[in-house]
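Examining the three-dimensional arrangement
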There are 2 protein chains.
Amino acid sequence: MNAPQMTRNQALVFDVLEKAEGPLSAYTILDKLRDQGFRAPLQVYRALEKLLEYGVVHRLESINSFVACAHPGENCHSHGIVAFAICESCGQVIEFHDHEVDHRLMGWVRSQKFKPAKTTIEIRGTCEACAA
Amino acid sequence: MNAPQMTRNQALVFDVLEKAEGPLSAYTILDKLRDQGFRAPLQVYRALEKLLEYGVVHRLESINSFVACAHPGENCHSHGIVAFAICESCGQVIEFHDHEVDHRLMGWVRSQKFKPAKTTIEIRGTCEACAA
DNA sequence: TCAATTGCGTTATGCTATAACGTGTGCAAT
DNA sequence: ATTGCACACGTTATAGCATAACGCAATTGA
């Protein structure tokens, strides 16, 4: 899925996520966009749904939040499985990819004839800076 | 963490999860335990919290649900990272472990000096039976 | 005995997400 | 041009998930 032209709402939501230092919840995004006319959660969720489709935003399942993809311009769907390290102290998220992990998981999936749709890898803990 | 003696509430919740065919949400568990005197979500959540500590129950972050550990009697915390394949059609969950995946993720974590606390690997898709 | 800990019950509340309805706009086919 | 469709949007209402804060009771150990 490639990003066609973003609508106004999609662009606003994406902009908020890009400028954020870490992941944001849908309701936090909503609050940040009240001045631009946002009034209801659905406005955010609908935009997020599209941004996820376009591959420019990721959803962090373990913390019910959303984050802009770390590869500006590119489509993250082409990088294989995306993994995240989430610092529970400062909130920062590091996005990374490991082909060997992909390979192992896809191997297992094939051996089970399981058809994967969406895979989540999230490591919650403490980043180097916060571990001090 | 080893399971000491379960309290009545913990045992009731665990029992429901063990007998279930798939993962259950906290509120579903609550409904199933109304006859045993459960009245409020917190009764379930508090029990779940302990069962997670004991390592006999897992939380599926991507579907806000809970499932009994697939290794009856053992403590799942000793098996390394636990991964799940979740069938979005029939709801069944397959729990598995892959040491190579663990190894790769832990390697990345060490290289980043990131201190992991809890790692989630969940593959949502369609199981063999449902793929037909 | 006293204090600390742990589990429990209850009420209230907050956060996350979607259903269902209707409106407007752009665009393609007739 | 008109019709029909697809899509984004706005709004209200509601469903689903999770925890805060209070108080009580039982247990334990100093």
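Look above for the structure.
What you see is a predicted model, and the numbers here were worked out from it, not measured in a lab.

Remarks on the interface of chain B and chain A
- Each side of the interface is counted separately: chain B has 33 residues, and chain A has 33 residues.
- In total, chain B and chain A occlude about 3000 Å² of area from one another, counting both sides; carbon and sulfur atoms represent 63% of this.
- If you sort the residues of chain B by the area they bury against chain A, Trp-108, Phe-114 and Arg-124 of chain B come out on top, with a joint share of 20%.
- Inspection of the region where chain B meets chain A yields four salt bridges.
- A salt bridge links Glu-61 of chain B to Arg-124 of chain A; its shortest N-O distance comes to 3.1 Å.
- Linking chain B to chain A there are 14 residue pairs in polar contact (both at pLDDT 80 or more).
- When residues of the side of chain B that touches chain A are traced back to their parent elements, those giving at least two are strand E3 (83–87), strand E4 (93–96), helix H4 (99–111), strand E5 (115–126) and helix H5 (128–131) of chain B.

Overview of the pattern of salt bridges
- The full count for this structure, using the stated rule, is 14 salt bridges over all chains.
- Here Lys-50 of chain A ties to Glu-53 of chain A by a salt bridge, and the two come within 3.7 Å at their closest N and O atoms. One end of the pair, Lys-50 of chain A, and the other, Glu-53 of chain A, are both in helix H3 (residues 41–54), three residues apart, so they sit about a helical turn from each other.
- Salt bridges sharing partners connect three or more residues here, namely Arg-59, Glu-61 and Lys-118 of chain A together with Arg-124 of chain B.

A short note on unusual backbone geometry
Residue and element names in this part refer to chain A.
- Unusually for a residue other than glycine, Lys-113 sits at a positive phi of about 55°.
- Among the structural elements, Lys-113 can be located in the loop between helix H4 (99–111) and strand E5 (115–126).
- Under the relative-accessibility criterion, Lys-113 is labelled exposed at 54%.

Regarding a nonpolar patch on the surface
- A cluster of nonpolar side chains, Tyr-27, Leu-42 and Tyr-45 of chain A, forms an exposed patch at the surface whose accessible area comes to about 310 Å².
- The exposure class of Tyr-45 of chain A is partly exposed, given its relative accessible area of 33%.

Definitions and cut-offs
- Residues numbered from 1 in each chain as written.
- Chains lettered and ligands numbered in written order.
- Predicted model: local features only at pLDDT ≥ 70, side-chain atom pairs only at ≥ 80, totals over all residues.
- Heavy atoms only, no water.
- Contact = heavy atoms within 4.5 Å.
- Buried area = accessible area lost by both parts, 1.4 Å probe.
- Salt bridge = Lys/Arg side-chain N within 4 Å of Asp/Glu carboxyl O.
- Polar contact = N/O pair within 3.5 Å; in protein donor to acceptor, adjacent residues only side chain to side chain.
- Helix = DSSP H or I, 4+ residues; strand = E, 2+ residues; numbered from the N terminus.
- Buried < 20%, exposed > 50% of the residue type's maximum accessible area, 1.4 Å probe, protein only.
- Patch = residues over 30% accessible without salt bridge, like charges linked within 9 Å, V, L, I, M, F, W, Y side chains within 5 Å.
- Areas by Shrake-Rupley, 256 points an atom, 1.4 Å probe, with all protein chains shown as cover.

Any functional reading would require information beyond the geometric quantities listed.
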